[in-house]
Amino acid sequence: MLYKVITTILVSVICTQLVSAEELTNLSLERALEIMRNNNLELKISKFNEQIKMQEEEIAKGYKYGKLNLKLQALRSNDAGNVFGFKVKSREASFRDFGFSDFMGAIGQGAQQAQGDFGAFSQGLAQQGGDILGTEPKDLNYPDARNHIQTTLTYQVPLYTGGKLDQYSKITKALTYMSQLDTEKLLNEKIFQTKKTFYDISLIEQYIDKLSSIVNNIDKLENIVANMRKEGYAKEIDQLEVQARKAEAQSMLSQARYNRELAYQYLSFLLNKTVTSIQPLYKLAPIPEFTQEEIVQNNLDIQKAQLGLKVTDMAIKVEESKFLPTIGAFGEYGSADNSMFNRFFQKDFYTVGVQLEWTPFDGNINKHSLEKAKIKNMQVQEQVELAKAGIKLQIKKLLTSIKSKDAEIESLETQYQFAEKVYENYEGRYQEGIASITDVLIKQSKELEVLLKLLTAKNDRNAKVFELTSVLNKGENS
């Protein structure tokens, strides 16, 4: 059995390593979400917690069915009390065990001395009564060692608990559902993180493309400056200034590539697989549609708060049950002898009984515990309303922020197109000797600045959309 368990564990570990070692290329968002749902380590841990709660639910149910115990005792003793008890338990006790052999010996000796005279016998017995009663029975005080083997089957079951066990069962069932809501909320968070990382990588790719284009433009500009310097139309400082800008742009490009690598590492962590490339998404994330009813109905925090309220209702009933009696029944059946299962049914025994337990007074502890549960219930009612109001406010703020970012993105796209045109214009003016190289590089810096603002605004806007989707519990369908 142990070999099978170890083999299973080793196979599982090897399979996990093989899965993790698999490299994913040209990965689509839909496929990434599917892999994340099945492979994310945090989700797996959360699902294990669900299974633990399910087992706790079954444990709570099990208390209603009572408990059956089988007990087997094997003893050996020469203790006088134990040996006598063993014989009684085995239904083998005799008058000899009470010391009657010594008593009968004294009686026989008196009868012999009386030689058939009953009067003399009675008189002698009266005279020797104190001596006879003071006789220490050897069979009772110094018994031979004896084995005692007892088999006992005991069943205990609660008949009435004032509803306590029913409420515990309902509470554990609610906590199981609560753990499922926790897993669902964690899944929403991982969907949010996966989508955001996908869009982050896509925007970084855009940024790298633009930076690469800018570096190419600087290379062209560097060639133009070098040619103009040969002809005496440019100075060394112009060339040095272009080279400095080129080094700066190349540094930014390297940093962007490192950021892309980090994003891929995080995506690989979320999927528990190595991701080397994705299918980029250049469109803005769509805003999910919803109604006010869907907010209250679907939001997981509100659902958890409402479930918590139901649990406090059950807790009140648990406290109320403490004022009621509890009734339980038990039955015991067994057999005992000096050897295993010897004449089991000839020496068997049984005991049945019912027990009632009630606490009429406990210093008002139960009363105050009940009041505490009721106050907790009222508190959770307010928390439910607070959760509803808070979620609605959060959604309004997210929508406002998204609309604000949409307006900002629209403005920045116009600015970026203008900045590109201005740079191209100044590059031409520099070749004509109308503008300085500094003016050209300033316009290029402006182009890069607007690009960074645009991509940052898109990134922030997408993050708000994914957060809104998570709050609305839309899952992957958005």
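The rules we used
Residues numbered from 1 in each chain as written. Predicted model: local features only at pLDDT ≥ 70, side-chain atom pairs only at ≥ 80, totals over all residues. Heavy atoms only, no water. Helix = DSSP H or I, 4+ residues; strand = E, 2+ residues; numbered from the N terminus. Expected span 1.5 Å × (residues − 1). Contact = heavy atoms within 4.5 Å. Polar contact = N/O pair within 3.5 Å; in protein donor to acceptor, adjacent residues only side chain to side chain. Core = buried A, V, L, I, M, F, W, Y, C linked by side-chain atoms within 4.5 Å. Buried < 20%, exposed > 50% of the residue type's maximum accessible area, 1.4 Å probe, protein only. Phe/Tyr/Trp six-rings, centres within 6.5 Å; stacked < 30°, edge-to-face > 60°. Lys NZ or Arg CZ within 6 Å of the ring centre and 35° of its normal. pLDDT = per-residue confidence, 0-100. Axes fitted to C-alpha atoms, helices over the stretch in contact; angles between N-to-C directions. Parallel < 35°, antiparallel > 145°, perpendicular 65-115°, else oblique. Left-handed = near helix turned anticlockwise from the far one by under 90°. Nonpolar A, V, L, I, M, F, W, Y, C, P; charged D, E, K, R; others polar. Pairing = 2+ DSSP bridges. Patch = residues over 30% accessible without salt bridge, like charges linked within 9 Å, V, L, I, M, F, W, Y side chains within 5 Å. Areas by Shrake-Rupley, 256 points an atom, 1.4 Å probe, with all protein chains shown as cover. Salt bridge = Lys/Arg side-chain N within 4 Å of Asp/Glu carboxyl O.

A.B. asks: What's the story with helix α3 (residues 41–62) in this structure? I'm lost.
C.D. replies: Residues spaced three or four apart along an α-helix face the same direction, because each turn holds 3.6 residues. The end-to-end C-alpha distance of α3, which contains 22 residues, comes to 32 Å, matching closely the 32 Å that a straight helix rising 1.5 Å per residue would cover. Tucked into the core, α3 has its buried residues touching α2 (29–39) and α9 (164–230). If you check the start of α3, you find a side-chain oxygen 3.0 Å away from the backbone N of glutamate 42, and it comes from asparagine 40.

A.B. asks: Could you clarify how one ought to interpret the nonpolar core in this entry?
C.D. replies: With 54 residues, the main nonpolar core has Leu27, Leu221, Leu271, Val275, Ile278, Tyr430 and Ile437 as its most contacted residues. With 17 residues, the single largest contributor to this core is α9. Those residues within four positions of isoleucine 278 in sequence are excluded, and the remaining contacts are Asn26, Leu27, Phe198, Ile201, Ser202, Tyr264 and Leu267. Ranked by size, the runner-up nonpolar core spans 17 residues in total, among them Ala285, Val384, Ile391 and Leu398.

A.B. asks: Explanation requested: unusual backbone geometry in the structure shown.
C.D. replies: Of all residues except glycine, most have a negative phi; of all peptide bonds, most are trans. In this structure, asparagine 364 takes a positive phi of about 65 degrees despite not being glycine. Examined against the element boundaries, asparagine 364 turns out to sit in the loop between β6 (348–357) and α13 (365–431). Taking the relative accessible area as the measure of exposure, asparagine 364 reaches 37% and is therefore partly exposed. One non-glycine residue, asparagine 473, lies in the positive phi region at around 60 degrees. Looking at where asparagine 473 falls in the secondary structure, it is placed in the segment after α14 (437–471). Given the relative accessible area of 16%, asparagine 473 is considered buried.

A.B. asks: What is the right way to look at the packing of aromatic side chains in this model?
C.D. replies: Aromatic rings in a pair are described by how distant their centres are and how their planes are angled relative to each other. Applying the stated rule across the entire model yields five aromatic pairs. Each ring, one from phenylalanine 341 and one from phenylalanine 344, has its centre 6.0 Å from the other, and the planes form 50 degrees; the classification is tilted. Its relative accessible area of 52% is what places phenylalanine 341 among the exposed residues. For phenylalanine 344, a relative accessible area of 18% puts it in the buried group. Following the ring pairs from residue to residue traces out a cluster consisting of Tyr333, Phe341, Phe344 and Phe345. One Lys or Arg, arginine 429, reaches over the ring of tyrosine 426 and ends 4.7 Å from the middle of that ring.

A.B. asks: I tried to follow the side chain of serine 321 on my own but got confused; where do I start?
C.D. replies: Take serine 321: it is sitting in helix α12 (residues 300–321). Overall, the relative accessible area of 2% leaves serine 321 in the buried class.

A.B. asks: Please explain the confidence of the model for the chain as it appears in this structure.
C.D. replies: Interpreting fine coordinate detail is not advised for predicted regions of low pLDDT. The pLDDT averaged across the chain works out to 85; a share of 85% of its residues lies at or above 70. In the model of the chain, helix α1 (residues 2–21) stands out as the element of lowest mean pLDDT, 40, in contrast to strand β4 (residues 274–275), which has the highest, 96. Long-range and interchain partners of residues 1–20, a stretch whose pLDDT sits below 50, account for six contacts in this model, where long-range means more than four residues apart.

A.B. asks: What is the right way to read the packing of α9 against α12 from this model?
C.D. replies: The angle between the axes and the distance between the axes are what describe a pair of packed helices. At a closest axis distance of 9 Å, the pairing of α9 and α12 adopts a crossing angle of 165 degrees. Looking at the two axes, α9 sits roughly antiparallel to α12. Seen along the crossing, α9 lies across α12 with a hand that is left-handed. Residue composition of the contact of α9 with α12, by class: twelve nonpolar, five polar and eight charged.

A.B. asks: Is there a simple way to think about the sheet that holds strand β3 (residues 146–160) in this case?
C.D. replies: Backbone hydrogen bonds are what pair the strands of a sheet, in a parallel or an antiparallel way. Strand order across the open sheet formed by four strands is β2-β3-β5-β6, with antiparallel pairing between neighbours. Strands at the two margins of the open sheet, each flanked by one partner only, are β2 (67–77) and β6. Strand-to-strand twist in this sheet, taken as the mean axis angle between neighbours without regard to direction, amounts to 20 degrees. Sitting on the sheet, helix α4 (residues 80–89) is in contact with β2, β3, β5 (326–337) and β6, with an inclination near 65 degrees to β3.

A.B. asks: Got a minute to help me understand the packing of α9 against α14 in this structure?
C.D. replies: Close contact between α9 and α14 brings their axes to 9 Å; oriented N to C, the two are set at 170 degrees. When the interaxial angle is binned, α9 and α14 end up roughly antiparallel. When grouped by side-chain class, the residues that make up the contact of α9 with α14 number 18 nonpolar, seven polar and seven charged.

A.B. asks: Would you take a moment to explain the side chain of threonine 151 for this structure?
C.D. replies: Tracing the backbone through its elements, the reader meets threonine 151 in strand β3. In this structure threonine 151 comes out as buried when scored by relative accessible area, which is 13%. In this structure threonine 151 touches Leu70, Lys71, Leu72, Tyr333, Gly334, Ser335, Phe341, Phe344 and Phe349, once residues within four positions along its chain are discounted.

A.B. asks: What exactly am I supposed to notice about α14 here?
C.D. replies: Across its 35 residues, α14 extends 51 Å between first and last C-alpha, which sits within 8% of the 51 Å expected from 1.5 Å per residue. Backbone geometry just after α14 places asparagine 473 at a positive phi near 60 degrees.

A.B. asks: I would appreciate a short explanation of a nonpolar patch on the surface in the present structure.
C.D. replies: Together, Leu159, Tyr160, Phe323, Leu324 and Val354 line one region of the surface with nonpolar side chains, adding up to about 470 Å² of accessible area. Along the chain, phenylalanine 323 turns up in the loop between α12 and β5. By relative accessible area, which is 36% here, phenylalanine 323 ends up partly exposed.

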